[in-house]
Amino acid sequence: MHAASPLTPTRRAALLGAGLMAFAAVPAQAEHLPAVDRLPTDPYQPDLLTGGPGAGDFDFLAGRWSVLSRRRLSRWVGDDRWDEARASAHGQVMLGGLACLDELELPALADQPSAAVTFRLYDPAARHWALHRVDGRTGTLQAPLTGRFTGGLFAGRRGDFRGQDFDPLLGRPVQARVIWSRITTTSALWEQAWSADEGRSWETNWTLAFTRA
């Protein structure tokens, strides 16, 4: 367990401000994950949670959460050792469910952020979400991941979001994938996987298990 890095009011404001900037800026042994998911049979079918086509997908994230963070200690070498730590998160829903902002605070590994802000914005025309994360170490806005939710109510729902991230270990960009699943009114699971071979294989390197605080 690592000591928590406190988030000062000044730093908190900087992170939240950088997250909101995304709104204005929008224009080894590996785990084999599925390729790009199939689209729903009827992409215009109303969302079962809200009655709308995608708006409100992240409403479940509103409020305060206790989070179990598990981060892989060594990437790309088939090492299955994980660092576990308790974290906290606070989510806010805006624009009638079209936007969601959350702040995550957690103990830090040497090369990992101890705080992060993620801003999510739904595009009704494109029918997908864009997820923008601000790294708490630098305050920089990372490239967005885009995707959508499929499935039925709550625990049957699954969000799949893809794009690029930068791996400091390899010193180059990698393909990134984030999955939201096991969604209920009091819990949810977030999983991040990276691919160093253009999506042919994936390695999960970070999971967050959310429990309502």
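Just above, that's the structure.
Bear in mind that the values here come from a model prediction, so they are computed numbers and not experimental data. (Residues numbered from 1 in each chain as written. Predicted model: local features only at pLDDT ≥ 70, side-chain atom pairs only at ≥ 80, totals over all residues. Heavy atoms only, no water.)

Draft legend 1. Quick peek at the pairing of strand β4 (residues 115-123). Most of β4 sits out of view: eight of its nine residues are buried. Pairing analysis gives seven bridges linking strand β3 (residues 99-105) to β4, with the strands arranged antiparallel. Its bridge partner being in β4, D102 is matched across the sheet by T118. Relative to strand β5 (residues 128-135), β4 runs antiparallel, the two sharing eight bridges. Each residue of the ladder has a partner; that of Y122, found in β5, is W129. (Buried < 20%, exposed > 50% of the residue type's maximum accessible area, 1.4 Å probe, protein only. Helix = DSSP H or I, 4+ residues; strand = E, 2+ residues; numbered from the N terminus. Pairing = 2+ DSSP bridges.)

Draft legend 2. Examining the packing of aromatic side chains more closely. All told, the structure shown has eleven aromatic pairs when counted by the stated rule. Taking 5.1 Å as the distance between ring centres and 75 degrees as the angle between the ring planes, the aromatic pair formed by F58 and F149 counts as edge-to-face. In this pair, F58 sits in the loop between α1 (9-25) and β1 (63-72) while F149 sits in strand β6 (residues 145-150), placing the two residues 91 residues apart along the sequence. Here the two residues F58 and F149 agree in accessibility, since each one is buried. Taking 5.3 Å as the distance between ring centres and 45 degrees as the angle between the ring planes, the aromatic pair formed by W180 and F210 counts as tilted. Residue W180 is located in strand β8 (residues 172-181), and its partner F210 is located in strand β10 (residues 203-212); the two are separated by 30 residues in the primary sequence. Across the pair, exposure class does not vary: W180 and F210 are buried alike. Positioned over the ring face of W206 is R71, at 5.1 Å from the centre of the ring. Between R212 and the ring centre of W65, over which it is positioned, the NZ or CZ distance is 3.8 Å. (Phe/Tyr/Trp six-rings, centres within 6.5 Å; stacked < 30°, edge-to-face > 60°. Lys NZ or Arg CZ within 6 Å of the ring centre and 35° of its normal.)

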